[in-house]
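Given next are the chains, with one letter for each unit.
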Amino acid sequence: MVKVIYFGRLSEVTGTDEEVLDIPEDVSTAGALRHWLDLRFEANGALLEPTVRIAINSKIGFDETSLNNASEIAFMPPVGGG
Amino acid sequence: MVKVIYFGRLSEVTGTDEEVLDIPEDVSTAGALRHWLDLRFEANGALLEPTVRIAINSKIGFDETSLNNASEIAFMPPVGGG
Amino acid sequence: MIRVSDETIDAPKALAAFERDMSDAGAIVSFTGQVRPQSASGEVSTLFLQAYSLMTESGIESALAEAQRRWPLSGVHILHRTGEMRAGETIVFVATASKHRRAAFEAADFLMDYLKTEAVFWKKETTPDGATWIEPRQGDYQDAARWQTEKVE
Amino acid sequence: MIRVSDETIDAPKALAAFERDMSDAGAIVSFTGQVRPQSASGEVSTLFLQAYSLMTESGIESALAEAQRRWPLSGVHILHRTGEMRAGETIVFVATASKHRRAAFEAADFLMDYLKTEAVFWKKETTPDGATWIEPRQGDYQDAARWQTEKVE
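Being a predicted model, the structure only gives us computed values, none of them experimental.

(A) Quick look at the confidence of the model for chain C. Taken over all residues, the pLDDT of chain C has a mean of 91, while the share at 70 or more is 92%. Across the assembled chains, the prediction reports ipTM 0.90 with pTM 0.91.

Written as structure tokens, this is what we have:
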């Protein structure tokens, strides 16, 4: 089980701030997770935008980053300061 | 009678912060006053230094500025901010 | 000291504590950022700020370390608000202390540029038109870019 | 508001009042200058500042007018101490408010450069070696000269 957090405007796309998910075994990279979730939420690519970054256990990951040992995954739209 | 003020280190040269003076009639300009007072205090030129400015009634004057209507004259060494 | 929390910020009180600690420094600069009553989209009823705690704080820590590397600082105090705020409330308070007033000014300016452009926050503004997530503005990036090109004394 | 007097300055209290007045501004910068416990000539027991009231105040007023001409400011607050002070006491407090944080920073910086280099004050420092009138330092003039050559946005 993995906690997935959707920050900023992405929470409106997904309809939730965070959720706990059982991710299928074949979804093994951050990039695969983007595609799987984008389809699941019918987000029309909102989760695929290159400006949306993924953090795995509070560290920025890339599309090829493995989800092994991931306990918290965050989808982060561009940050704009406070 | 004219009030004369000596600011900063000049008060140590003259031994006073301010005084009320009867200035002789022939001492009619700021420059003449510098010389007259420098002699009077045996200031060895401390009041003649070009960096020492004179204010007459709170306005900067020059050596040729007349002392007519002067009620307050200030000798000002270089200012250095607070 | 860095604090990111949804607690109200009392900037004058924070300045008082900082000045007590920094009484040997000589020069203290503070910046207070408050929610503006007006934005591009009209009257602001609330501003909501979301942080990602660990990442937000470690980002601010890095900016602070960079400031300490660049300028001789006696101390720095950073308070940043999260959650929902109303117009006039304080979003951010930064104070810097140094023996040199130039260092105190530049470090506060640098930290504010980081906090206003690169810090990990998402911002939602509520106006009569509804709630909108605010995306970064170009001008903000330009402010932060100053520090890459400018000669720093 | 400009005040030059021998009354003690409470910078946090001044900031609190200023922030109340400027709650619409968005960006508030403050500078507090305190008597440093150490100077080039040793431990400072007291600092004495002498002003020439009318000339000192009209000089500060001109600098303030220049700042208001250069930057869009919502307000400015300047407090300057005269008379005898001890280490840690506040000599000067400047606060600026603007909708734009860059304007607030630059105006405070500009006013402090004026107050620290050109303002009409004479300064006497008492250390274990005795009392000395302090003459202007070259570095201070360089700070103030920045504003003549720098492009101001």
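Past the structure itself, the notes keep going.
(B) Up close: the packing of helix α3 (residues 101-117) of chain C against helix α3 (residues 101-117) of chain D. The interhelical angle for the contact between α3 of chain C and α3 of chain D, taken along N-to-C directions, is 180 degrees, at an axis separation of 11 Å. Considering their axes alone, α3 of chain C and α3 of chain D lie roughly antiparallel with respect to each other. Residue-level inspection shows Arg 101, Arg 102, Phe 105, Ala 108, Asp 109, Met 112, Asp 113, Lys 116 and Thr 117 of chain C of α3 of chain C in contact with α3 of chain D, the latter providing Arg 101, Arg 102, Phe 105, Ala 108, Asp 109, Met 112, Asp 113, Lys 116 and Thr 117 of chain D. In terms of residue class, the contact of α3 of chain C with α3 of chain D is built from six nonpolar, two polar and 10 charged.

(C) Main features of the relation of the copies chain D and chain C. Aligned on chain C, chain D shows an RMSD of 0.0 Å; the corresponding rotation is 180 degrees and the shift along the axis is 0.0 Å. Taken together, the turn and the small shift mark the pair as related by a two-fold rotation axis.

(D) Broad picture of the interface of chain B and chain D. Contact residues are listed per partner, giving 18 residues for chain B and 22 residues for chain D. At the boundary of chain B with chain D, total buried surface from both sides reaches about 1700 Å², with 58% on carbon and sulfur atoms. The largest share of the area that chain B buries against chain D comes from Phe 7, Val 79 and Gly 82 of chain B, three residues that together contribute 36% of it. Our count for the contact surface shared by chain B and chain D stands at zero salt bridges. Counting the contacts that link chain B with chain D gives nine residue pairs in polar contact (both at pLDDT 80 or more).

(E) Representation of the pairing of strand β2 (residues 27-34) of chain C within the structure. Across the eight residues that make up β2 of chain C, a large majority, eight, are buried. On β2 of chain C, burial covers both faces: Ala 27, Val 29, Phe 31 and Gly 33 of chain C on one face and Ile 28, Ser 30, Thr 32 and Gln 34 of chain C on the other are all buried. With eight bridges joining them, β2 of chain C and strand β8 (residues 90-98) of chain C adopt antiparallel strand pairing. Bridged to Gln 34 of chain C within β8 of chain C is Thr 90 of chain C. Summarising the sheet, β2 of chain C and strand β2 (residues 27-34) of chain D pair through seven bridges and their orientation is antiparallel. Across the sheet, Ser 30 of chain C pairs through a bridge with Ser 30 of chain D, a residue of β2 of chain D.

(F) Just the nonpolar core, in detail. If you look at the biggest cluster of nonpolar residues, it comprises 65 residues, and the most contacted ones within it are Leu 115 of chain C together with Leu 115 of chain D. Discounting residues that sit within four places of it in the chain, Leu 115 of chain D has contacts with Gly 81 and Gly 82 of chain B together with Ile 60, Ile 78, His 80, Val 92 and Val 94 of chain D. Residues Ile 28 and Ala 95 of chain C together with Ala 25 and Leu 79 of chain D belong to the second largest nonpolar core, which totals 24 residues.

(G) Examining the sheet that holds β2 of chain C more closely. Read from one edge of the open sheet, eight strands run β1(C)-β6(C)-β8(C)-β2(C)-β2(D)-β8(D)-β6(D)-β1(D), paired in mixed fashion. Strands with a single pairing partner mark the edges of an open sheet, and in this sheet they are β1 (2-5) of chain C together with β1 (2-5) of chain D. Adjacent strand axes in the sheet meet at a mean angle of 5 degrees when their direction is disregarded. Bridge count between strand β6 (residues 75-81) of chain C and β8 of chain C: six bridges; the pairing is antiparallel. Looking at the pairing, Val 76 of chain C lines up with Thr 96 of chain C of β8 of chain C. Contacts from helix α1 (residues 11-21) of chain D reach β2 and β8 of chain C together with β2, β6 (75-81) and β8 (90-98) of chain D within the one sheet, and its direction differs from that of β8 of chain D by about 20 degrees. Packing of helix α2 (residues 53-70) of chain D onto the sheet brings it into contact with β1 and β6 of chain D, and relative to β1 of chain D it is tilted by some 155 degrees.

(H) Region of interest: the packing of aromatic side chains. All names here are of chain A. Throughout the structure, instances matching the rule amount to 14 aromatic pairs over all chains. An aromatic cluster is defined as three or more aromatic residues linked by ring pairs; in this entry it consists of Tyr 6, Phe 41 and Phe 75. Over the face of the ring belonging to Phe 41 we find Arg 40, whose NZ or CZ atom lies 4.8 Å from the ring centre.

(I) Quick peek at the arrangement of the chains. Most contacts, when the three pairs of chains in contact are compared, are made between chains C and D. No interface is formed between chain B and chain C, the nearest pair of C-alpha atoms being 12 Å apart. Looking at chain A next to chain D, you find no contact at all, with the nearest C-alpha pair sitting 12 Å apart.

(J) Layout of the sheet that holds strand β5 (residues 46-51) of chain C. Residues and elements named next belong to chain C. If you walk across this open sheet you meet the four strands as β7-β5-β9-β10, and the pairing is antiparallel. Each having just a single partner strand, β7 (83-85) and β10 (130-134) make up the two edges of the open sheet. Averaged over neighbouring strand pairs, the angle between their axes works out to 20 degrees when direction is ignored. Relative to β10, strand β9 (residues 121-127) runs antiparallel, the two being bridged by five bridges. Paired with Lys 124 across the two strands is Trp 133, which belongs to β10.

Criteria and cut-off values
- Residues numbered from 1 in each chain as written.
- Chains lettered and ligands numbered in written order.
- Predicted model: local features only at pLDDT ≥ 70, side-chain atom pairs only at ≥ 80, totals over all residues.
- Heavy atoms only, no water.
- pLDDT = per-residue confidence, 0-100.
- Axes fitted to C-alpha atoms, helices over the stretch in contact; angles between N-to-C directions.
- Helix = DSSP H or I, 4+ residues; strand = E, 2+ residues; numbered from the N terminus.
- Parallel < 35°, antiparallel > 145°, perpendicular 65-115°, else oblique.
- Contact = heavy atoms within 4.5 Å.
- Nonpolar A, V, L, I, M, F, W, Y, C, P; charged D, E, K, R; others polar.
- Least-squares fit on C-alpha atoms with pLDDT ≥ 70 in both.
- Buried area = accessible area lost by both parts, 1.4 Å probe.
- Salt bridge = Lys/Arg side-chain N within 4 Å of Asp/Glu carboxyl O.
- Polar contact = N/O pair within 3.5 Å; in protein donor to acceptor, adjacent residues only side chain to side chain.
- Buried < 20%, exposed > 50% of the residue type's maximum accessible area, 1.4 Å probe, protein only.
- Pairing = 2+ DSSP bridges.
- Core = buried A, V, L, I, M, F, W, Y, C linked by side-chain atoms within 4.5 Å.
- Phe/Tyr/Trp six-rings, centres within 6.5 Å; stacked < 30°, edge-to-face > 60°.
- Lys NZ or Arg CZ within 6 Å of the ring centre and 35° of its normal.

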